[in-house]
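One-letter residues, chain by chain:
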Amino acid sequence: MFSGIAAGILSVLFMCGSYIFSRSYIRKYSDPVKLSVFSQLVMMAGGLVMLAVSLIFFSLPRDLRFFLLAAGQVVTFLIGQTSFFMMLKHVEATRASSLLGLKLLALVVITTVCGEKLSMMQWIAVLLCTTAAVGMNFSGSRIRWSSFFWLLSAVFFYALCDICITKMMRMMPGDSMLVNAFGVLGVSYTALGFAVLPGLFKYPLKKGELGDSVPYGIFYFVSMLFLYTSFGLIGVVFGSIIQAGRGIFSILLGIVLLRAGVEKNEPDVSGKIWLRRSVMAILMLSAMILYTLSVR
């Protein structure tokens with residue numbers, strides 16, 4: 001269990017690092033979709049390497065179900081990503097990212113409908129974690145119905161994507177979940193890379209723009225490697241609770257960067273907002289502790 005928690009925390013740390021590079025890229029080019037397309041190409045290169053390395057240790061499952069899950073993972077991710085970008089047209093990025101904390105609740109609803117039961121303590125942990133994730137940066141203003149639709153689409157399709165990944169991990173034949181993650185990550189990001197190739201018609205490759213997407217792509221890719229490992233070891237719900245802790249690390253990282261003078265363009269935050277974030281961070285930690293105790 002603790003290996004799964006450690007993998008989840010490492011995933012969060014690399015994810016926070018990717019946020020820094022994504023902000024830098026978007027400030028320079030003002031287009032998150034361009035970053036998504038180019039970084040997927042970077043990660044496709046990593047996926048091909050992972051696939052080649054994993055094949056040294058074992059053969060991929062030849063079960064039709066495995067490849068259907070792989071296709072499902074690609075389709076649900078692309079729908080979720082598109083829905084998120086549609087939501088960004090009307091909702092500011094920090095608020096949208098917070099609202100994605102509802103993905104955990106969507107995940108639990110789907111797994112419960114599919115027959116997985118949670119204990120009372122686990123339900124409390126999920127609700128605390130969801131509240132904390134949404135409340136970390138939520139402004140409280142009203143959401144348009146169209147934005148609410150895209151939010152629901154994003155959280156449910158992202159949740160389905162995570163379920164597909166976890167099921168693929170459980171089908172891998174390797175003795176090490178980290179090595180199994182090499183195979184699943186290789187299949188997933190090779191397929192995703194080919195899926196975004198049509199995006200090059202709108203965003204022709206430019207050496208500078210592609211090169212600037214590489215740091216984000218590397219950090220995000222490594223984050224996914226540890227996330228897949230975490231899902232394989234402790235399951236999709238517990239792994240997602242650990243992943244939701246990125247809000248805490250993002251706040252801590254933001255403080256460090258502001259002190260160091262790196263993030264000079266970040267907006268000033270009032271004491272009231274810092275107090276709310278601190279309360280949400282305590283709720284998040286409480287949720288992690290409760291869920292950990294519930295599975296011991």
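Let us look at the structure shown here. (Residues numbered from 1 in each chain as written. Predicted model: local features only at pLDDT ≥ 70, side-chain atom pairs only at ≥ 80, totals over all residues. Heavy atoms only, no water.)

### A closer look at the environment of T130
Line of reasoning, step 1. Mapping T130 onto the fold places it in helix α6 (residues 120-135).
Line of reasoning, step 2. Separated by 30 residues in the primary sequence, T130 and L100 place their C-alpha atoms 9.2 Å from one another.
Line of reasoning, step 3. When near neighbours in sequence (up to four residues on either side) are disregarded, T130 contacts G101, L102, L104 and L105. (Helix = DSSP H or I, 4+ residues; strand = E, 2+ residues; numbered from the N terminus. Contact = heavy atoms within 4.5 Å.)

### What about the packing of aromatic side chains?
Line of reasoning, step 1. The final tally for this structure, using the stated rule, is 11 aromatic pairs.
Line of reasoning, step 2. Look at Y25 and Y29: their rings are 4.6 Å apart centre to centre, the planes differ by 45°, and that puts the pair in the tilted class. Of this pair, Y25 and Y29 both sit in helix α1 (residues 2-29), four residues apart, roughly one helical turn.
Line of reasoning, step 3. Judged by its relative accessible area of 2%, Y25 is buried.
Line of reasoning, step 4. On the numbers, 4.8 Å between centres and 35° between planes, the contact of F238 with Y291 is tilted. One end of the pair, F238, is in helix α10 (residues 236-244); the other, Y291, is in helix α12 (residues 271-294), and 53 residues separate them in sequence. (Phe/Tyr/Trp six-rings, centres within 6.5 Å; stacked < 30°, edge-to-face > 60°. Buried < 20%, exposed > 50% of the residue type's maximum accessible area, 1.4 Å probe, protein only.)

### With respect to helix α2 (residues 32-57)
Line of reasoning, step 1. Across its 26 residues, α2 extends 37 Å between first and last C-alpha, which sits within 8% of the 38 Å expected from 1.5 Å per residue.
Line of reasoning, step 2. The backbone nitrogen of V33 lies 3.0 Å from a side-chain oxygen of the residue at the head of α2, namely D31. (Expected span 1.5 Å × (residues − 1). Polar contact = N/O pair within 3.5 Å; in protein donor to acceptor, adjacent residues only side chain to side chain.)

### Digging into the state of the cysteines
Chemically, a disulfide is nothing more than a covalent bond linking the sulfur atoms of two cysteines.
Line of reasoning, step 1. This structure, assessed with the given rule, holds zero disulfides.
Line of reasoning, step 2. Considering cysteine sulfurs only, C164 is the nearest to C161, which forms no disulfide, with 6.7 Å between them.
Line of reasoning, step 3. For C164, a relative accessible area of 13% translates into the label buried. (Disulfide = S-S within 2.5 Å.)

### Description of α1
Line of reasoning, step 1. Given a rise of 1.5 Å per residue, 28 residues ought to cover 40 Å, and the 40 Å separating the end C-alpha atoms of α1 matches this to within 8%.
Line of reasoning, step 2. Along α1, the residues classified as buried are G4, I5, A7, G8, S11, V12, M15, C16, G17, S18, S22 and Y25.
Line of reasoning, step 3. Once α1 ends, the next one or two residues include S30, with phi positive near 55°.

### Re a nonpolar patch on the surface
Line of reasoning, step 1. A cluster of nonpolar side chains, contributed by V109, V113, W145, F148, L152 and F156, occupies part of the molecular surface with about 630 Å² of accessible area.
Line of reasoning, step 2. When residues of the nonpolar patch are assigned to their parent elements, the largest contribution, four residues, is made by helix α7 (residues 145-171).
Line of reasoning, step 3. Looking at the secondary structure, you find W145 in helix α7. (Patch = residues over 30% accessible without salt bridge, like charges linked within 9 Å, V, L, I, M, F, W, Y side chains within 5 Å. Areas by Shrake-Rupley, 256 points an atom, 1.4 Å probe, with all protein chains shown as cover. Salt bridge = Lys/Arg side-chain N within 4 Å of Asp/Glu carboxyl O.)

### Focus on the packing of α2 against helix α3 (residues 64-88)
Line of reasoning, step 1. Axis separation between α2 and α3 bottoms out at 11 Å; the angle between their running directions is 155°. Taken as axis vectors, α2 and α3 run roughly antiparallel relative to one another. Of the two elements, α2 crosses α3, and the hand of that crossing is right-handed. Residues P32, V33, S36 and Q40 of α2 pack against F77, Q81 and F85 of α3.
Line of reasoning, step 2. When its residues are assigned to classes, the contact of α2 with α3 shows four nonpolar, three polar and no charged. (Axes fitted to C-alpha atoms, helices over the stretch in contact; angles between N-to-C directions. Parallel < 35°, antiparallel > 145°, perpendicular 65-115°, else oblique. Left-handed = near helix turned anticlockwise from the far one by under 90°. Nonpolar A, V, L, I, M, F, W, Y, C, P; charged D, E, K, R; others polar.)

### A few points about unusual backbone geometry
Line of reasoning, step 1. One non-glycine residue, S30, lies in positive phi territory at about 55°.
Line of reasoning, step 2. By the secondary structure assignment, S30 is in the loop between α1 and α2.

### Some thoughts on the packing of helix α5 (residues 103-113) against α10
Helix-helix packing is described using two parameters, namely the angle between the two axes and the distance between the axes.
Line of reasoning, step 1. Close contact between α5 and α10 brings their axes to 10 Å; oriented N to C, the two are set at 175°. On the basis of the axis angle, α5 is roughly antiparallel to α10. For the pair formed by α5 and α10, the contact residues are K103, L104, L107, V108 and T111 on the first element and V236, V237, S240, I241 and Q243 on the second.
Line of reasoning, step 2. Classifying every residue of the contact of α5 with α10 gives six nonpolar, three polar and one charged.

Everything listed is a geometric property; what it means functionally is a separate question.
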